[in-house]
Each structure stands twice: as structure tokens, then as C-alpha cells.
Amino acid sequence: MWKTPGYIFSIYVRPACWWKAPFLSSSFNSSLSLSLSLAMAMARASSGLAYPERFFAAAAYAGFGGSQDPSKAAISHFENEIALILYALYQQATVGPCTIPKPRGWNPVENSKWSSWHGLGTMASTEAMRLFVKILEEEDPAWYSRVPEHVVEPVVDVQTNTAPLESVLQTTSSKSITPNGDSFPESKAASVENGSHSETQDKDVVLEGLGSVGIYDQWVSPSVSGQRPKPRYEHGAAIVQDEMYIFGGNHNGRYLNDLQVLDLKTLMWSKVEAKFATESQESPMTLPPCAGHSLIAWGNKLISIAGHSKDPSETVTVREFDIQTSTWSFLKTYGKAPVSRGGQSVTLVGSSLVIFGGEDPKRSLLNDLHILDLETMTWDEIDAVGGPPSPRSDHAAAVHAERYLLIFGGGSHATCFNDLHVLDMQSMEWSRPTLQGAIPTPRAGHASVTVGENWFIVGGGDNQSGVSETVVLNMSTLVWSVVTSVQGRVPLASEGLSLVLSSYNGEDILVAFGGYNGRYSNEVHVLKPSHKSTLQSKIMETPVTDSVDPLLPTTTNATRDFESDLETAQDGKIREIVMDNAESKPVNIRETGEQMLETLKAEKEELQAALSKEEVQNLQLKQEIADAETRNLDLTKELQSVRGQLAAEQSRCFKLEVEVAELRQKLQSMETLQKEVELLRRQKAASEQAALSAKRQSSGGVWGWLAGSPPDERTDDA
């Protein structure tokens, strides 16, 4: 059932380019002078006629009521979903709630119209009028300046006012109608051939999922089922086991925190009911909404890193989603974490994440470089030499040969870039190589993915419009080329879209989702790249300068890509390369391909032999390392034993020192006692001497008395 879309004004949206969000806060008006014309057009549309005259004027402009040729009506330029919404609102405003029975015949157009109208229920006529004008103003802000001077009165006939809608829907009459009334278009190409937009139905497609993509180097919008995610941009996307996970993003200035998954085998959407785990137990709490983050697949888990949020932290946060348990959790990191940011690039190199640039919560642009080791969860800030890229956000990054980090494009507050910088992660030195081929225009908010040695870049925007070209860079030759181009305001020419790499039957397939180019998108587009771009790069390649030649060495992925192309040729799908010279005849690739294949096989054997030697040397080095580790372990044990003995000796020394101190105290006490004893002895001797003297005196008087000598006589004698 169709639901009336909500119109929520954005509180904070930081666009890299002027057209990145429909509503902007007043704090950015001074820096967005280019949006003045759009605001004036919308103001003019809002200050015209009053209701209901303004509604009738809008309906006449859109083509309802039979006022003009349906093929020239404004509604003929709208998407099917918007056309159905406008039709339903017009019927609700002029006729009232839907009371007619559901069409019995299997007519996709009539069923879609009835479902849209019936889905409005008992909505008031005035509310339907306001919503009609509101949606028209969003789709065509300057409609009021082009409306006829006369105002068309309403036409109530249900049958006569559907011609414009039928003319729009009949162009894509082959549809897949779901039981709830939603309609989804079948697979159609969204490419440009000879300057015109083509929507080519693949009538031979009978497979499901990504197998329905039967053309090369063209974007295709496949038919998907299930409840589609809310339109968004600046979200995160990652592939795990043939499933594309979408997390977070920005919709109408509001950050999201839902986790959606698209089964690439069945192309069916579903929402993951995730839990949030704390240190103690699982909790029904939800993860804080965010946008401008990065989503990385790591084994059977997803890692969400950095991003803008309503209440940003001081440093970058790392979140992990366990697919088996459907549980989110925060990961604890060590070392000095980088400052909080959004719009950065995060690249998986081995078991490490390399983060570069972005914009912090204070809107300061960054160009710092940090590495997070996923095995130890330790941050390391890198101080590289050379000239780094200027501070930027919303750029793209890729790694080549597990050694070179490539940074392309991005934007500042005033401009967008199209420069390419390369970081040698062995010497940690920045360089800016010389480029060849069709160098892309400046852009920001683009998405990228690597396929072998080819780096595909999609979407983005500059200060004027969205970028319609899909370009590819051969990272070995540094040659740019254009893969395809789209026309019009389509989701592929958007900022903030996501791009991931999947495969089907051994063939690589690019999957794009979402984006914003004046409208938020929730559409899925896929592209099956051929190796034509690689061949074109080799044909147009010129001798590379010495400064560039050793920079990005060719890897064996090119051999794998070319062999896959030749295998396709052997299956009867040989493509002829027509040279620009009109006199030359088409060259069949089979004849030259076999020779090239033999040469490549010989080179492959040489590389395998060299690889075998390297493996032998690697085994020897591993054995030496193992022996060194064993010796190191033995020495460590001996060192621990010596440390134990030393600790025991130290303990004994400490005890002896304590005993010595106690003995010294006792010795001092004994000396004092000896002095006291000596004093007592002297006192005793003196006392004994006095007693003896007294005894002698008393003994002489007694014996004299006993002898008969009177005392006075002795006195006289004395």
C-alpha cells in the first residue's frame, strides 16, 4: 500500500556540493549562493494563488483534467511512482475517497492507479490538494512560472483525467506488481547510446537475481522484491556471502541506524532486527544513527567505523556487527585514536584499516593518515613524507598490489578535486603521478570499487550538477577511460551512493544503491563490466615516464582478467574491435588472442617458477625464524630463572640487613648496661668500704671495754 511521504526539514546537512540536500539550515546560506535561484523559484511557487485555485493551476500544469496533450504534460517527465502519487492525490481532492471496485483484469496500469488511490483512505480533500502542490513543487520548483494564465476548473470524471498517467505508465508496461500494490519496473538499461537515453528490455532474460543481467558495460535497474529501504545517501554498504548489507545514512537531514540486506541471488530486500550488546549482557538499546561512515566486511562480521552523528564522540568509534548473532557491539581500541570525523575513506589492506581525511564535527577538513590493526585493535598515526593530498572529504580510495594507496577526488568547502595521489605504504611516501587517457572531471561524494587492477568510479557531483560518466582507472598503467554514461537526473549521477563488487557465474558485477541528486534514492543498479576498458587502455597506452613506471607494477590479476575474456570468446561470444580508421576492417580477437594467450601462459609459468623459489626461501626464513624463536624462548626461561634467584638473594640480603640493625641496637643497649653496672659496682665498693670502717671503729671500743680500759683513758692516751 502506498504511504504518503513525510516532508521533514533538515536540521544539519553538510553537502560537499550545493545540490546535495533539498533543505539547508540558515548557518550555511552564506556559502550556498548557487542555490538562490532554486529558493526563489520555490518561493514564487508558494506565493501565488490561494487554495483551491493553486491546486487547480498545479493540476492543469501537470496535465490532469484533459487541459493539454498528454505527451507534452509535465507528468510525462516524472517517474512512475511520482505520477501515481499525483494521480491518487488528484482523485482524492476532486472525487474523494476511492469507492470504485478493484479492476478485475490483469492490467498493471489500472491496478497500480487503483492501489495508489485506494491507499489514501479517507484523507481530506484539502490535505490532498496541499500534498499535490507540495510534491509538484519538489519535483519541479519553477512550475508556477510556466503555468498558463488561465486556471482550469476541476474535471470530476474518473475516466477522462487519467490519460497523462497512462501515457507515462505505458512506456514501461511490463511490470512486477506485488500483492500490496507496489509496482517495480523490470530490468532495463540506463545507458546512453548515440546521445539518446535508451531503456532496453532484455527479453531473453529468464534467470533470477544477478543472472538477469545479460548486457555488458551498461547500468541496469533490476526488478527487486520485498520492502525497500528508506531512500538515503552517505550510508555504508558491504558484501558478505552474496548479500549486500546497507547500514545508516542520511534521509531528509536525519541520520539513520537501520540495517537492511539485499539477497543478490533473489534480489529480495529484508530488514535485520539487530540487537545491541553491552559489556554485561545483550540490551534492546539501538545503535546511534550515523551517516558518512564506512562499512567494511571482515570475515563473517561487519565493521562500521567513524561517521557523523547527532552527539559525536571525541574520537573515532568502531562498531562491529556479528551476522550470526545479529548483534551490534562497540570495539575497544588501543593507542591514540583519531579525532571523530565523517566523509573519510577507509581501505582494508591485509588485516589493517587505513583511514584518510574526512571532516570533523567542527567542520574542519582533515588530511591525516591513521592505521587500525584489526588483530590487535591498535591505532597507529602515520607521518608520511612527501606532499600529501590537501584536506578533503567525500573522496575515494583504493589499494593496489597490497602496497599502494590511491586517493582520488573529494571536496572542500569551496571546490571539488580530480587529482590522484599515491601513497607507497612501504616507504610511507606520497607522490602525484602523471595520468593519461580521459581524465575525469572534479567530483565529490562518488563511490568506487576495484576489479583486479581496474578501479571503477561512479557518480559524485561538482558545483553544478551530478557526474553522469562511469570511469575506470587501470592502476598499473594509470590510464583513465570512460565505461558508460547515463543521461538525466538519475540516481547514478548522485552524491553519497554506495558501490560494491559481487559476482555471478565467475563474472564480476558492480552493485550501486542510493544517493542524492535533489531527490533521495533507494534504487538498485547493476553493471557487468567487460574487459573492453582494459583493452582500450592498452591500445591507447603511451610510453610512461620513469617517475611513473616503477610506481604501480602490473600484477597477475591482469592475466586472470584477460584469460577470462578469452574463455568468453571461446564460448562463441567473440567481440570485434573496430579501429578508428574507416578503411581498416574489424579484427577478430581469436587469431591474435591465441598468440597472446600462449605468451601470457609462458609468462605465467615463469612467474610461477619465481613464486616457487620465493616460497622455498620463505619456508627457509620461516624455519630460521622458528629456530630463533626457540632460542629466544630458552634464553627467556634462563633469564626468568636468574631473575628468580636474584630476587631470592635480594630477599636474603634484606633480612640480613634487618638482623644487623637489630644487633646494633642490642649492642648499644649492652654498652649502656655495662656503664650502669660499673657505676653500681663503684657505689657498692664505696658502701662496703664505709661499712668496713664503721665496723672497725665499733669493734675497738668493745674490746677495750672488755679489757678493763675505761674510755676516758684511751682518750687521754690518744
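Data block above holds the structure.
A. Layout of the overall build of the chain. From N to C terminus, the chain includes 10 helices and 32 strands. Counting every position in the chain, which comprises 718 residues, the buried fraction comes to 44%. If you take every contact in the chain between residues at least 6 apart in sequence, the share linking residues at least 24 apart comes to 61%. Surface exposure of the chain reaches about 38500 Å², of which carbon and sulfur atoms provide 52%.

B. Broad picture of the packing of helix 3 (residues 80-94) against helix 4 (residues 108-118). Two numbers describe how helix 3 lies on helix 4: the axes approach to 8 Å, and their chain directions differ by 55°. Classified by the interaxial angle, the pair formed by helix 3 and helix 4 is oblique. Pair helix 3 / helix 4 crosses with right-handed handedness. Contacts from Leu 84, Tyr 87, Ala 88, Gln 91 and Gln 92 of helix 3 reach helix 4 at Ser 112, Lys 113, Ser 116 and Trp 117. Class assignment of the residues belonging to the contact of helix 3 with helix 4 gives a composition of 4 nonpolar, 4 polar and 1 charged.

C. Inspection of helix 5 (residues 125-139) at higher detail. Taking 1.5 Å of rise per residue, the 15 residues of helix 5 would be expected to cover 21 Å, and the 21 Å separating its terminal C-alpha atoms lies within 8% of that figure. By the burial criterion, the buried members of helix 5 are Ala 128, Met 129, Leu 131, Phe 132, Val 133, Ile 135, Leu 136, Glu 137 and Glu 139.

D. Summary view of the sheet that holds strand 25 (residues 436-437). Strand order in the open sheet formed by 5 strands is 25-29-28-27-26, and the pairing between neighbours is mixed. Bordering the open sheet on either side are strand 25 and strand 26 (447-451), each of which pairs with just one other strand. As paired elements, strand 25 and strand 29 (residues 479-485) share 2 bridges and run parallel to each other. If you follow Gly 437 over to strand 29, its bridge partner there is Trp 480.

E. Highlighting the side chain of His 421. Mapped onto the elements of the fold, His 421 is located in strand 23 (residues 420-424). Within the structure, His 421 has its side chain in polar contact with the side chain of Asp 419 (distance 2.9 Å). Apart from the residues within four sequence positions on either side, His 421 is in contact with Gly 387, Pro 388, Pro 389, Arg 392, Leu 405, Leu 406, Ile 407, Trp 430, Ser 431 and Arg 432.

F. Structural context of the packing of aromatic side chains. Under the criterion given, the structure shown has 15 aromatic pairs. Here the aromatic rings of Tyr 516 and Tyr 520 are separated by 4.5 Å at their centres, their planes lie at 50°, and the arrangement is tilted. For the pair Tyr 516 and Tyr 520, a shared accessibility class is recorded, and that class is buried. A connected cluster of aromatic rings, assembled from ring pairs, spans Phe 55, Phe 56, Phe 64, Tyr 90 and Phe 132. The cationic tip of Lys 113 hangs over the ring face of Tyr 87; the distance from NZ or CZ to the ring centre is 5.6 Å. Between Lys 528 and the ring centre of Tyr 216, over which it is positioned, the NZ or CZ distance is 5.1 Å.

G. Fine view of the nonpolar core. Counting residues in each nonpolar core, the largest one holds 30 residues, and the members touching the most others are Phe 55, Phe 64, Leu 86, Leu 89, Phe 132 and Trp 143. The set of elements that each furnish at least two residues to this core consists of helix 2 (53-62), helix 3, helix 4 and helix 5.

H. The pattern of salt bridges, seen in detail. This structure, assessed with the given rule, holds 13 salt bridges. A salt bridge links Arg 519 to Glu 79; the shortest N-O distance between them is 3.3 Å. Placement of Arg 519 in the loop between strand 31 (507-513) and strand 32 (524-527) and of Glu 79 in the loop between helix 2 and helix 3 is noted, with a sequence separation of 440 residues between them. Taking the relative accessible area as the measure of exposure, Arg 519 reaches 17% and is therefore buried. Across the pair Glu 678 and Arg 682 runs a salt bridge, and its minimum N-O distance is 3.8 Å. In this pair, Glu 678 and Arg 682 both sit in helix 9 (residues 589-707), 4 residues apart, roughly one turn of the helix. Relative accessible area serves as the criterion here: at 36%, Glu 678 is assigned to the partly exposed category. Within the structure, one salt-bridge network assembled from shared partners comprises Glu 79, Glu 139 and Arg 519.

Rules used in this analysis
Residues numbered from 1 in each chain as written. Predicted model: local features only at pLDDT ≥ 70, side-chain atom pairs only at ≥ 80, totals over all residues. Heavy atoms only, no water. Helix = DSSP H or I, 4+ residues; strand = E, 2+ residues; numbered from the N terminus. Buried < 20%, exposed > 50% of the residue type's maximum accessible area, 1.4 Å probe, protein only. Contact = heavy atoms within 4.5 Å. Areas by Shrake-Rupley, 256 points an atom, 1.4 Å probe, with all protein chains shown as cover. Axes fitted to C-alpha atoms, helices over the stretch in contact; angles between N-to-C directions. Parallel < 35°, antiparallel > 145°, perpendicular 65-115°, else oblique. Left-handed = near helix turned anticlockwise from the far one by under 90°. Nonpolar A, V, L, I, M, F, W, Y, C, P; charged D, E, K, R; others polar. Expected span 1.5 Å × (residues − 1). Pairing = 2+ DSSP bridges. Polar contact = N/O pair within 3.5 Å; in protein donor to acceptor, adjacent residues only side chain to side chain. Phe/Tyr/Trp six-rings, centres within 6.5 Å; stacked < 30°, edge-to-face > 60°. Lys NZ or Arg CZ within 6 Å of the ring centre and 35° of its normal. Core = buried A, V, L, I, M, F, W, Y, C linked by side-chain atoms within 4.5 Å. Salt bridge = Lys/Arg side-chain N within 4 Å of Asp/Glu carboxyl O.

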